[in-house]
Amino acid sequence: MSSTLRAALRSRLTIAMRERDRAATAALRNAVATIENAEAVPVVERPAVSTSADVAGAAVGVGATEAERLVLGADAERHLLAAEVAALVEAEQAYAAVGDVPRASAAAAGAAVLRDVLAEHPEQV
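Asker: Would you take a moment to explain the overall build of the chain for this structure?
Answerer: Within the chain, the regular secondary structure consists of four helices and zero strands. The linear arrangement of helices and strands in the chain, starting from the amino end, is α-α-α-α. Going through the 125 residues of the chain one by one, you find that 24% of them count as buried. Residue pairs in contact within the chain that sit at least 24 positions apart in sequence constitute 67% of those at least 6 positions apart. Per element, the accessible surface of the chain, about 8600 Å² overall, is 55% carbon and sulfur.

Right under this line is the structure:
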C-alpha cells in the first residue's frame, strides 16, 4: 500500500536523481527506506508447518514463509519523516561544529527537502 506522502517522496526522489542532486537523493532515499523498514514484520522463531523430505527444515508450499507487511497510517509516516528531519538537523549541527562545511550543507539541504514534503502534505483527517 502506498500513501500520498510516500508517493511524493518517490516522485521527488526521481526528480532529484534526474537533476543529480546528491543531498536530496540521499535524504529522500533514507526517508523512503525508513518508512518501508518500519513496515517490516518482526522475525519470530517458529517451527515450519511442514518440512521437505529433501531439505532439512525447509518449508513446503507457495508462500509458506511469507508474512504480510505492517500497514502504517499517515500519522506514523509523518512521525517517521519528522524524525528523519530531526536527525539531519542534528547531523548538520555536528558537522558544522567540527568545521565540515560540505557535509553540514548536504545535511541542511536534505532536511529542507524533507520539510518541503511534510509541508506539502499536511495531516489529513
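Asker: Quick question: what am I supposed to make of the side chain of Thr25 here?
Answerer: Summarising the element assignment, Thr25 is placed in helix α2 (residues 22–38). Among the polar contacts made by the side chain of Thr25, one reaches the main-chain carbonyl oxygen of Asp21 at a distance of 2.7 Å. Excluding its chain neighbours within four sequence positions, the residues that come into contact with Thr25 are Leu13, Ala16 and Met17.

Asker: Sorry if this is basic, but what is going on with the nonpolar core here?
Answerer: Leu9, Leu28, Leu81, Leu88, Leu114 and Val117 are the most contacted members of the largest nonpolar core, which has 20 residues in total. Of all the secondary structure elements, the ones that give two or more residues to this core are α1 (4–18), α2, α3 (74–97) and α4 (101–120). Those residues in contact with Leu9, other than ones at most four positions away along the chain, are Leu28, Ala31, Val32, Ile35, Leu81, Leu114 and Val117.

Asker: In this structure, what is going on with the pattern of salt bridges? I would like to understand it.
Answerer: When the charged atoms of two side chains with opposite charge come close together, those side chains can pair. The final tally for this structure, using the stated rule, is five salt bridges. Residue Glu120 pairs with Arg12 through a salt bridge whose shortest N-O separation is 2.5 Å. Of this pair, Glu120 sits in helix α4 while Arg12 is found in helix α1, placing the two residues 108 residues apart along the sequence. Residue Glu120 is classed as partly exposed on the basis of its relative accessible area, which comes to 48%. Arg12 sits in the partly exposed class, given a relative accessible area of 22%. Across the pair Asp100 and Arg103 runs a salt bridge, and its minimum N-O distance is 3.9 Å.

Asker: Would you take a moment to explain the packing of α2 against α4 for this structure?
Answerer: The description of two helices packed together rests on the angle between their axes and the distance between the axes. Closest axis-to-axis distance for the α2/α4 pair is 8 Å, and the angle between their directions is 55 degrees. The angle between α2 and α4 places the two elements in the oblique class. Considering only the axes of α2 and α4, their crossing is right-handed. Here Ala23, Ala24, Ala27, Leu28 and Ala31 of α2 come into contact with α4, specifically with Ala106, Ala109, Gly110, Val113 and Leu114. Grouping the amino acids of the contact of α2 with α4 by side-chain chemistry returns nine nonpolar, one polar and no charged.

What counts, and where the lines are drawn
Residues numbered from 1 in each chain as written. Predicted model: local features only at pLDDT ≥ 70, side-chain atom pairs only at ≥ 80, totals over all residues. Heavy atoms only, no water. Helix = DSSP H or I, 4+ residues; strand = E, 2+ residues; numbered from the N terminus. Buried < 20%, exposed > 50% of the residue type's maximum accessible area, 1.4 Å probe, protein only. Contact = heavy atoms within 4.5 Å. Areas by Shrake-Rupley, 256 points an atom, 1.4 Å probe, with all protein chains shown as cover. Polar contact = N/O pair within 3.5 Å; in protein donor to acceptor, adjacent residues only side chain to side chain. Core = buried A, V, L, I, M, F, W, Y, C linked by side-chain atoms within 4.5 Å. Salt bridge = Lys/Arg side-chain N within 4 Å of Asp/Glu carboxyl O. Axes fitted to C-alpha atoms, helices over the stretch in contact; angles between N-to-C directions. Parallel < 35°, antiparallel > 145°, perpendicular 65-115°, else oblique. Left-handed = near helix turned anticlockwise from the far one by under 90°. Nonpolar A, V, L, I, M, F, W, Y, C, P; charged D, E, K, R; others polar.

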